[in-house]
Amino acid sequence: MTNAVPHESAIGNADVEAAYARWAPIYDLTFALVMRPGRVAAAAAADRPGGLVLDVGVGTGLELPLFDKATRLVGIDLSRPMLAKAHARVASKRLNQVEGLLVMDAMHLAFPDATFDAVVAPYVLTVVPDPRASLDEWARVVKPGGEIVLVNHVGAERGAVAAIEAWLGRRSASLGWHPQFPWAVIGDWIAARPGMTLAERRPLAPFGLFTLTRIKKAG
Ligand SMILES: C[S@@+](CC[C@H](N)C(=O)[O-])C[C@H]1O[C@@H](n2cnc3c(N)ncnc32)[C@H](O)[C@@H]1O
């Protein structure tokens, strides 16, 4: 398979849960600032004042305060320790527009078709065990005319960075993410679905390390 995520089969939900149980106590300290530009861009692109937005892989909820107060939000995550932090953030910041924070698998959502005006997933697609199955689910629950908004690292194709990512990729199960994630996973997924189009693909700070992708579902 040409567009396989390297070592894709090496990561399962149990690995993700174990990895994020370890990350949860230090996640905000480690990742709040460096990944903030991506969260700001994702929230701006997915914001739907008056509408309902699904935040997949909401984690500790760092992006929740970045949405308009009139945007109704539902967050889901596999990791209970990460969600516990998100609950605390919602309470301390009085984020009343957050209607639910639920333990749920991004690849098997318990929502009916066409429920959300937008689905946002900052820093999640390279973490989920099956990115294509996840995109299928996110496309199912977004309304016609709505968007899936992604922020994630897209792996280098050659050079020193690609070599480092290949080395890290062999440790993807313990890291809990795929450092070698190729753009083709997203690009080929869109190309194979006539109802979905690429609305935007934009490198983000810092150093273009992360990419914002907006995928539109036909209205
Ligand atoms: C890198 S964190 C991103 C958290 C948050 N979006 C942020 O920007 O800080 C990835 C999150 O995805 C969650 N995750 C990974 N696989 C998942 C799955 N299959 N279903 C639901 N959540 C998942 C992890 O538990 C983790 O909280």
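Keep in mind it's a predicted model, so treat the numbers as computed, not measured.

(A) Representation of the overall build of the protein chain in the model. Looking only at helices and strands, the protein chain features eight helices and seven strands. For the protein chain, contacts bridging at least 24 residues in sequence account for 70% of all contacts bridging at least 6. Roughly 9800 Å² of accessible area belongs to the protein chain as shown, and the carbon and sulfur atoms make up 60% of that amount.

(B) Quick look at the side chain of N152. Within the fold, N152 resides in strand β5 (residues 142–153). Contact partners of N152, with chain neighbours within four places excluded, come to L125, T126, F181, I186, F210 and T211.

(C) Quick peek at the site of the ligand. The environment of the ligand is made up of 20 residues, and the closest members are Y27, R39, G57, D77 and A106. Contact between the ligand and L78: a nitrogen atom at 3.2 Å from a main-chain N or O atom of the residue. For the ligand, the protein covers 98% of the area, taking 600 Å² as the surface of the free molecule. A total of three residues in the shell around the ligand trace back to one element, the largest contributor, which is helix α1 (residues 13–23).

(D) Spotlight on the packing of aromatic side chains. Counted according to the given criterion, the structure contains five aromatic pairs. Taking the centre distance of 5.0 Å and the plane angle of 50° together, the rings of Y27 and F31 count as tilted. With a gap of four residues between them, Y27 and F31 both fall in helix α2 (residues 27–31), about one helical turn apart. Y27 sits in the buried class, given a relative accessible area of 11%. The interplanar angle of 80° and the centroid separation of 4.9 Å between the aromatic rings of Y123 and F210 together place this pair among those described as edge-to-face. Remark: F210 occurs in strand β7 (residues 210–217) and Y123 occurs in the loop between β4 (116–122) and α5 (131–141); sequence separation between them is 87 residues. Both residues of the pair, Y123 and F210, count as buried. In this structure an aromatic cluster arises from ring pairing among Y20, W23, Y27 and F31.

The rules behind each value
Residues numbered from 1 in each chain as written. Predicted model: local features only at pLDDT ≥ 70, side-chain atom pairs only at ≥ 80, totals over all residues. Heavy atoms only, no water. Helix = DSSP H or I, 4+ residues; strand = E, 2+ residues; numbered from the N terminus. Contact = heavy atoms within 4.5 Å. Areas by Shrake-Rupley, 256 points an atom, 1.4 Å probe, with all protein chains shown as cover. Near = heavy atom within 4 Å. Polar contact = N/O pair within 3.5 Å; in protein donor to acceptor, adjacent residues only side chain to side chain. Phe/Tyr/Trp six-rings, centres within 6.5 Å; stacked < 30°, edge-to-face > 60°. Buried < 20%, exposed > 50% of the residue type's maximum accessible area, 1.4 Å probe, protein only.

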